[in-house]
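Listed below, chain by chain, are the residues.
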Amino acid sequence: MTAAPDRGAAPTPPRQGFGAPAARATAEPATPEPQPDSGPEPLGADDKVDLSQERAKAGVDDVLRVLDEELVGLSAVKARISEIAALLLVDRARRRFGLESERPNLHMSFTGSPGTGKTTVALRMAALLHQLGYLRRGHLVAVTRDDLVGQYVGHTAPKTKEVVKRAMGGVLFIDEAYYLYRPENERDYGQESIEILLQVMENDRDDLVVVLAGYADRMDVFFKSNPGMSSRVGHHLDFPDYEVDELVDIAGLLLTKQNYRLDKEAESVLRDYVSRRKDQPRFANARSVRNALERARLRQARRLVDHGGQVSKQDLVTLIPEDFLASRVFAPPT
């Protein structure tokens, strides 16, 4: 694995990404940004629309291409995003013929373990909706319970409303959304935030998309406890954990991006590391792989400095088995 794997040619389609951006972040889309066509010309009954041209004009393929480049695999999620893009293109064409229909429900639920690409997909979804003219700005505001819920009476409403205000025109991504609801605590103010979000998801659906994210089992309990929230979510996307081959592919992409490579022996050691780490507690998929590579880089740097003398470019870019074998993952059980 001395170079980035060719995702398009991979024999087994690997899955998704490199871990999510930190919570509480506001991000602008980093995709090519053709301006959305906000006012297409009305058409007569005998006119025709070239959907391929409309797709190209809206930059749909650019966004999907960037999604492919950023995320390993994730075929089911990417297929759903392509379907949403197709629906929005067709709806826009219908409006040009005077065929009005209800705006599709674009609120979403992303379920899966940490490090499976949920925030990255939300970011690209924001860019896609912007370029199709469904969102004014196309930015992402990622938050957790602490950003929405106050600690005393009268604190929650202004906090939640301020977050919603920042997110308007884009996507509001609420990570670990189930923590908003804590029925065991009678003095908890999370329900107040939920009520505000329910109102916004219904009344401002033309200017805001809400994505609720978290572990599948906990999100299921959350939706059962808040049926009004569940009924407002139009798309439920599951992000499964990675297989070992997929995690190794992600490692290859990360190494290439940072101008590192593995020597031949280190490739098998990395695969062994991933297999062991995957079965240990607090495994976070792509995030854990990224952290392992960071620690390997630290060990490589110390190894080179402690050895002293001159180093070549090859020395500086190559990770060897001992850069991984020093990990506690390989320590004998006690």
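Values in this document were obtained by computation on a predicted structure and should not be read as measured data. (Residues numbered from 1 in each chain as written. Predicted model: local features only at pLDDT ≥ 70, side-chain atom pairs only at ≥ 80, totals over all residues. Heavy atoms only, no water.)

A. Representation of the packing of helix 2 (residues 60–70) against helix 4 (residues 118–131). Put simply, helix 2 and helix 4 touch, their axes get as near as 9 Å, and they point 170° apart. The pairing of helix 2 with helix 4 is recorded here as roughly antiparallel in orientation. Together, Val 60, Val 63, Val 66, Leu 67 and Glu 70 of helix 2 and Thr 120, Val 121, Arg 124, Ala 127, Leu 128 and Gln 131 of helix 4 make up the contact between the two elements. For the contact of helix 2 with helix 4, the residue count by class is 7 nonpolar, 2 polar and 2 charged. (Axes fitted to C-alpha atoms, helices over the stretch in contact; angles between N-to-C directions. Helix = DSSP H or I, 4+ residues; strand = E, 2+ residues; numbered from the N terminus. Parallel < 35°, antiparallel > 145°, perpendicular 65-115°, else oblique. Contact = heavy atoms within 4.5 Å. Nonpolar A, V, L, I, M, F, W, Y, C, P; charged D, E, K, R; others polar.)

B. Representation of the pairing of strand 4 (residues 171–175) in the model. Among the 5 residues in strand 4, 4 count as buried, and that is most of the element. As paired strands, strand 3 (residues 140–143) and strand 4 are joined by 4 bridges and run parallel to one another. Paired with Leu 140 across the bridge in strand 4 is Val 171. Where strand 4 and strand 5 (residues 209–214) come together, 5 bridges link them in parallel fashion. Bridge assignment links Asp 175 to a residue of strand 5, and that residue is Ala 213. (Buried < 20%, exposed > 50% of the residue type's maximum accessible area, 1.4 Å probe, protein only. Pairing = 2+ DSSP bridges.)

C. Highlighting the environment of Asp 61. Take Asp 61: it is sitting in helix 2. Residue classification places Asp 61 among the partly exposed residues on the basis of a relative accessible area of 40%. Considered as a pair, Asp 61 and Ala 85 are 24 residues apart in the sequence and their alpha carbons are 9.8 Å apart.

D. Quick peek at empty space enclosed by the protein. All chains considered together, the criterion is met by 1 cavity of 30 Å³ or more. Here the largest cavity defines a volume of roughly 30 Å³. Tyr 273, Ala 292, Arg 295, Arg 299, Phe 324 and Ser 327 are the residues that line the largest cavity. Of the residues in the lining of the largest cavity, the class split is 3 nonpolar, 1 polar and 2 charged. (1 Å grid on protein atoms, 1.4 Å probe; cavity = no way out; pocket = protein on both sides within 12 Å on 5 of 7 lines; lining within 4 Å. Points joined across faces, edges and corners; volume = space filled by probe spheres on them.)

These figures come from the coordinates and say nothing about function on their own.
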